Amino acid sequence: MSTPALALAVALLTILGYWIGRRRSFAVVANDTSKLHSRPTYHGFYVAIWCGIPAAFVFFFWVLFEGYLITDLVVAGLPESVVGGLSADRMNLVVNDILNLASGNIVATESDPMLRAAADHYIQLQSMSRVALVVLVLSLAVAGMGLSLRAVQPHNRVRNRVERVVQIFLIGSSTIAVFATIGIVLSVLFEAIRFFEAVPLSEFLFGLQWSPQMAIREDQVGSSGAFGAIPLFAGTLLISFIAMLVAVPVGLMSAIYLGEYASRKVRALVKPLLEVLAGIPTVVYGFFAALTVAPFIRDNGSLLGLDVSSESALAAGLVMGIMIIPFVSSLSDDVINAVPQAMRDGSEALGATRSETIKKVVIPAALPGIVGGILLAVSRAIGETMIVVMAAGLAANLTANPLEAVTTVTVQIVTLLVGDQEFDSPKTLAAFALGLMLFIVTLVLNVIALHVVRRYREQYE
Amino acid sequence: MNNRGGADMPVDTTQIIKRTLARRYRREARFRRMGLFAVVLGLAFLSLLLFSIVSKGYTAFWQTFVLMDVHLDAGVIDPEGTLDQEVMFAADYGGMIKASLRDTFPEVTQRREKRDLYRLVSSGAGFYLREEVLQNPDAIGKTIQIWVPADDDVDMLMKGHFDRDKPEEDRRIKDQQIAWVDRLVDQNRIELRFNTTFFTAGDSREPELAGIWAAVCGSFFTLVITLLLAFTMGVATAVYLEEFTPKNRWTDLIEVNINNLAAVPSIVYGLLGLAVFINFFGLPRSVPLVGGLVLALMTLPTIIIASRAALKSVPPSIRDAALGVGASKTEMVFHHVLPQAMPGMLTGTIIGMAQALGESAPLLMIGMVAFIADAPGGFTDPSTVLPVQIYLWADSPERAFVERTSAAIMILLAFLFSMNGLAVLLRKRFERRW
Amino acid sequence: MKRTVLLLALTLMVWAIQPASAASRDYITIVGSSTLYPFSTVVAEQFGRATRFKTPKIESTGSGGGMKLFCAGVGVEHPDITNSSRRIKKSELDSCHSNGVFHVVEVKVGYDGIAIANSKESTHMSLTRKDIFLALAKHVPKPDGSQTLVLNPHETWQDVNPTLPDLKIEVLGPPPTSGTRDAFVELAMEAGCEQIDWIKAMDDRDRKATCRTMREDGAYVEAGENDNLIVQKLESNPNALGIFGFSFLDQNADKVQGSLVDGVAPEFEEIASGAYPVSRSLYFYVKGAHVGSVPGIAEFLAEWAREGTWGDEGYLTDKGLIPMPAGERDEFAAAIRNLTNLKL
């Protein structure tokens, strides 16, 4: 029995458990469900949980560790002539040979009878393990079902137990975000510390110049390298700001139009169409920004007598704004749509026009959701790289002039990480420091946003 | 409101309303027009982008093929006459293609000219011939006619991407080669055919042999993982935070945390994936499983934030009513609140998945920005994804990759449309106005 | 419904996890430079089609990241080969050794020309390396001839050299993290810089700092590493020049023209003969311990070392790789056959 088939069998047994549990609960009270403490569905779930979860756990961990265990057994069974004096790394390569032999792949060396034997040993152990697994998992599932079916009694408080399981699942899910945060901090922290050993923290935090022109190769004496993060953060701010100037008005007005004025049919069609904007690959936006928008701005700028560089924050920001329109429009539309109709009716009954109702009643009521959407849009703008690289370049100028080239933190992180320079040089490590710094900055901004939103939120009903 | 002037000056509010009514209506109309304008603007951008993609890319669905008469020399293919697959596999099919070209243009004798001549057909033509022979071993010893793909330069010429009037040194393709192509056209030996290779092959450095199938499979496997994890975890988290926990510092912490995760640049998720899934858990590089996990973490905040906003917008009266008739809290949430919040959750999921579908930066760190010629068969085969394929092709020097890049983007959008279509249908089923 | 989704998720997870436990690998893994990527993939593809082995997996990670992965250790989870657009550093080789990677074979595959090009609609430029230095360096000798360095005051090409056209200096080129930029700085800027005698006479450190620092006032535009984009930007902006690899010039001969450098055009023969001064070597490094363990490495290396691959008329030349002279090819073919261990 192959792994997917076994998984399918467990799944089927679980569903079967649900039905049996449910039927049994009807049976024990002779269809008078009012005598049951918990509704029949809960009995079904209860049986399903007992049937599926222990089996799945065993299954999961068995499959996870089976390979290592069998490999260890096979290695232990290898004669000394093969193992003799091999380091762990080399052993790993020998094992690779054995595994390739066992799965019938082409192997590198002419097959050594010793390895052939080991491969056969591997196949044998594997099939044994498989049989054991199938027996164990299926019997666990059936046993779980049998035991839990006994619990289908009118007075048994099954519902509470099922809800407990659901709660545990929910709590577990909500901690993922915390774990992800810890993981991110840990995965950038150590390299960032190594960076700060080479470049003082104060220079990084307050330096006004970013110019990582450091030597790539060894025989080169390093030319200047300045690691001041301020121009990068200023550039990020500038580009995100321009993007929001496009995305917020267009997105919000679209949402209002779709939610309040457009007919159901138009809305059903236009909303998903706008959402496509978020899914167009950023390479396309990048080419659009660099080859259509940027020359357009440059040519018109020079007509007006402005000195516009070929790469400008404006081009990148405008196009990025287009990309994040759906973040504002769709999320706002949903919350606007969810504002109770009674509130609109009330306002209109008092003589307000549609637009007055929207401005005074609907938007305040929908504000938390709208702000959430805008925050998401800002986040996406900060994280975007391709458009900025292609349209605004990589030069870190400290300027507030949208017609000049700027660059963002994210762009620098990506460029530094995929560069040709030595990985352990301060130049690459700077990427980790920037990541950490950006993380801290957005954290602070989010804390502020939380307080602001809380202060201005309007509670309705 | 307006009678602050005092009792000596009675104000007729109806008058005031009538006076301001025209202005208010004008404002109303203006507001409405602004909304319409915003929608039209958004759609205009979309159609502009779509137009530029389609107009550049549609030609990639056709490919120039050349009809060749190839003599299948038994002495070369199967000298022993054993029909041994291994022997037949290793024969020099490229040489046979070259011989056939020499036969078609017997006047070409010089070494340099011959090199130019060989460049008319794809360097992969021999492999096409090999497939044909391996499938029909009976044909060995005979002369067969076979359509093989033309070289990308010839393909570009046939599609009109090269200007014949430009001086010779400004073109990739020489005058002599154009003359040969014209002769093939006269003999009806060259034609544009539907480019099935594009849909069935994996990546290749020869544009005429390159396809997106491997990337499509990779995207599919990756997104299955992403969708399952991000949707279940995202909705569960949102439900827990909105419905089950009291508002306190701990939930504030989680909330700020989640908002902050949304602002973490995607490549940092790549670093996380590298550190946690590959280095710590020892999962292999370049596989959809790890890609899916990383993208799931990346889309999780989007889904959570959208789902929480959706849950917040369900009127409290629904909850009160459900609890009032005796539902437990879990029942109230799962039977009444969740279905009402579903449209918003689906919107978050659509946008999140659209982002995951188009993202390539985090995959760089976990080895999915790679040249993969064979389509992956499962979650742990090395694979790449569509946006990466697009990025790699956009970075290729060969001119013929320009149209293929756009065509690949069209496939990606088709993927997106079908995913969105499904979600939109679901959203419509759940949507309701209060 | 939720229940079904969950079950499905679980099923798929289990299915997904399953083969991970058996960490076998029957294909070659290559990482490294994005410059070598287009050539390496052609060879890999040819190898995959012509033999029964699987097509190698080639990641484009950048030379530095590739080296880091390569040197992380011996074993199937580590790559077999890393591509590099520069030579391995001593410190990198040391880190290889300290992680148990003792046997590293160095293979040079050929040259990549770096072109300075502009749109066909614009004037065809003929630059000297000194012009390039004077136009692009951050600090240049004071134009009045005194032996002092000033911030680069040159606005147009004519300021640099009166014979050049009166065009604003605007050069699109790779960022400082790029190997292409590094090679350009060394081969064009530094060589041009050292033609000025009094700078040449400066002490090593100051000279290099002067010769190697690019100006940052907007005349040199750090574009990304997408060379196609640079070509298209040049097309839409006839005043600008761009710095990119020879293969892109070769493919876009109808749109852009390569400037002469020291009177030599960036053409195939000129680069191959060494007459064109701005070209750099490309390398890859093989993990000796993996040869014979991961299937196909020896055969893959043999595919590289064929004349039909990297020779004067090999298929890599069609893709824009400039072949090494025959003698050097023999040398590295021998290194491949003998798996010569690299010593630095």
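Residues numbered from 1 in each chain as written. Chains lettered and ligands numbered in written order. Predicted model: local features only at pLDDT ≥ 70, side-chain atom pairs only at ≥ 80, totals over all residues.

Let's talk about the overall build of chain A
Inference 1: When helices and strands are tallied, chain A shows 17 helices and 2 strands.
Inference 2: Computed over C-alpha atoms, the radius of gyration of chain A comes to 31 Å, more than 25% over the 23 Å expected from 2.2 N^0.38 for 461 residues, which places it beyond the range of a compact globule.
Inference 3: Taking the principal axes of its C-alpha atoms as reference, chain A extends roughly 80 × 80 × 40 Å.
Inference 4: The buried share of chain A, reckoned over its 461 residues, is 53%.
Inference 5: Intrachain contacts of chain A at a sequence separation of at least 6 include 72% that bridge at least 24 residues. (Helix = DSSP H or I, 4+ residues; strand = E, 2+ residues; numbered from the N terminus. Rg over C-alpha atoms; globule rule 2.2 N^0.38 Å. Buried ≥ 20, exposed ≤ 12 C-beta atoms within 10 Å, placed from the backbone. Contact = placed C-beta atoms within 7 Å.)

What to know about the packing of helix H10 (residues 213-244) of chain B against helix H13 (residues 288-312) of chain B
All names here are of chain B.
Inference 1: Closest axis-to-axis distance for the H10/H13 pair is 6 Å, and the angle between their directions is 35°. The handedness of the crossing between H10 and H13 is right-handed.
Inference 2: Across the contact of H10 with H13, the residue classes break down as 20 nonpolar, 9 polar and 4 charged. (Axes fitted to C-alpha atoms, helices over the stretch in contact; angles between N-to-C directions. Left-handed = near helix turned anticlockwise from the far one by under 90°. Nonpolar A, V, L, I, M, F, W, Y, C, P; charged D, E, K, R; others polar.)

Things to note about the environment of Val74 of chain C
Inference 1: For Val74 of chain C, the location among the structural elements is in the loop between helix H3 (63-70) and strand S3 (81-84).
Inference 2: Judged by the 25 C-beta atoms lying within 10 Å of it, Val74 of chain C is buried.
Inference 3: Each C-alpha atom of the pair Val74 of chain C and Asn99 of chain C lies 7.9 Å from the other, and the pair is 25 residues apart in sequence.
Inference 4: Those residues in contact with Val74 of chain C that lie beyond four places of it in its chain are Asp89, Arg90 and Leu93 of chain A together with Gly100, Val101, Lys287 and Ala289 of chain C.

Overview of the interface of chain B and chain C
Often, the extent of an interface is quoted as the loss of accessible area on bringing the components together.
Inference 1: The interface of chain B with chain C comprises 36 residues on the first partner and 33 residues on the second.
Inference 2: The dominant element in the side of chain B that touches chain C, judged by the number of residues it contributes, is H10 of chain B, at 4 residues.
Inference 3: Class assignment for the residues of the side of chain B that touches chain C results in 16 nonpolar, 8 polar and 12 charged.
Inference 4: Where strand S4 (residues 370-371) of chain B lies against strand S2 (residues 57-59) of chain C, 2 bridges are found, and the strand directions are antiparallel. Looking across to S2 of chain C, one finds that Ala370 of chain B is bridged to Glu59 of chain C. (Pairing = 2+ DSSP bridges.)

Topic: the sheet that holds strand S2 (residues 143-149) of chain B
Residue and element names in this part refer to chain B.
Inference 1: Strand order in the open sheet made by the 3 strands is S2-S1-S3, with antiparallel pairing throughout. Two strands lie at the open edges of the sheet, namely S2 and strand S3 (190-194), each paired on one side alone. Here the strands of the sheet are splayed against their neighbours by 40° on average, with no regard to which way each runs.
Inference 2: Of the strand pairs in this sheet, strand S1 (residues 62-71) and S2 are connected by 7 bridges, and their pairing is antiparallel. Bridge pairing in S2 links Met68 to Ile146.

Observations concerning the pairing of S1 of chain B
Inference 1: Of the strand pairs in this sheet, S1 of chain B and S3 of chain B are connected by 5 bridges, and their pairing is antiparallel. Pairing of Phe65 of chain B across the sheet is with Glu191 of chain B, part of S3 of chain B.

Brief notes about the domain arrangement of chain C
Residues and elements named next belong to chain C.
Inference 1: In terms of domains, chain C is made up of domain 1 (26-110 + 281-338) and domain 2 (113-279).
Inference 2: Averaged C-alpha coordinates put domain 1 and domain 2 at centres separated by 30 Å.
Inference 3: Contact residues are listed per partner, giving 11 residues for domain 1 and 13 residues for domain 2.
Inference 4: The residue inventory of the side of domain 1 that touches domain 2, partitioned by class, reads 3 nonpolar, 6 polar and 2 charged. (Domains from an automatic or database assignment.)

Observations concerning the interface of chain B and chain A
Inference 1: Of the residues lining the interface, 85 residues belong to chain B; the matching set on chain A comes to 80 residues.
Inference 2: The element contributing the most residues to the side of chain B that touches chain A is helix H1 (residues 13-57) of chain B, with 19 residues.
Inference 3: When grouped by side-chain class, the residues that make up the side of chain B that touches chain A number 58 nonpolar, 18 polar and 9 charged.

Observations regarding the pairing of strand S13 (residues 279-287) of chain C
Residues and elements named next belong to chain C.
Inference 1: Taking burial as the measure, the 9 residues of S13 include 8 buried ones, the bulk of the element.
Inference 2: In the sheet, S3 pairs with S13 via 4 bridges, with the strands oriented antiparallel. Residue pairing across strands places Thr82 opposite Tyr285, the latter belonging to S13.
Inference 3: Alignment of strand S4 (residues 104-119) against S13, held across 9 bridges, turns out to be antiparallel. Each residue of the ladder has a partner; that of Val107, found in S13, is Phe284.

A word on helix H4 (residues 90-98) of chain C
Residue and element names in this part refer to chain C.
Inference 1: Every buried residue belonging to H4 is among Glu92, Leu93 and Cys96, and all of these are buried. Viewed end-on, H4 has its buried residues packed into an arc of 100°, placing them on one side of the element. Projecting away from the buried face of H4 at angles above 90 degrees are the exposed residues Lys90, Asp94 and Ser98.
Inference 2: Looking one or two places after H4, you find Gly100, whose phi comes out positive at around 90°. (Arc of directions from axis to C-beta.)

Points about the environment of Phe65 of chain B
Residue and element names in this part refer to chain B.
Inference 1: Take Phe65: it is sitting in strand S1.
Inference 2: Residues Phe65 and Val181 lie 116 residues apart in sequence; the distance between their C-alpha atoms is 11 Å.
Inference 3: Leaving out residues up to four positions away in the same chain, Phe65 has contacts with Trp147, Val148, Pro149, Ala150, Glu191 and Arg193.

Concerning the packing of helix H2 (residues 40-76) of chain A against helix H5 (residues 113-150) of chain A
Residues and elements named next belong to chain A.
Inference 1: Remark: H2 packs on H5, axes separated minimally by 9 Å, with the N-to-C direction vectors making an angle of 165°. Compared by their axis directions, H2 and H5 come out roughly antiparallel. By crossing handedness, the relation of H2 to H5 is classed as right-handed.
Inference 2: In terms of residue class, the contact of H2 with H5 is made up of 23 nonpolar, 5 polar and 1 charged. (Parallel < 35°, antiparallel > 145°, perpendicular 65-115°, else oblique.)

Overview of the domain arrangement of chain A
Inference 1: Here chain A is partitioned into domain 1 (3-156) and domain 2 (204-456).
Inference 2: Using only C-alpha atoms to locate each centre, domain 1 of chain A and domain 2 of chain A end up separated by 47 Å.

Concerning the nonpolar core
Inference 1: In this structure, Ala289, Ala315, Ala316, Val319, Val328 and Ala391 of chain A are the most contacted members of the largest nonpolar core, which totals 362 residues.
Inference 2: Among the elements that line this core, the one with the most residues is H10 of chain B, at 19 residues.
Inference 3: Those residues within four positions of Val319 of chain A in sequence are excluded, and the remaining contacts are Tyr285, Phe288, Ala289, Val293, Ile387 and Ala391 of chain A.
Inference 4: Ranked by size, the runner-up nonpolar core spans 12 residues in total, among them Ile70, Val95, Ala119 and Tyr122 of chain A. (Core = buried A, V, L, I, M, F, W, Y, C linked by C-beta atoms within 7 Å.)

Quick notes on unusual backbone geometry
Inference 1: One non-glycine residue with positive phi stands out, namely Ala30 of chain A, at about 50°.
Inference 2: Positionally, Ala30 of chain A belongs in the loop between helix H1 (3-28) and H2.

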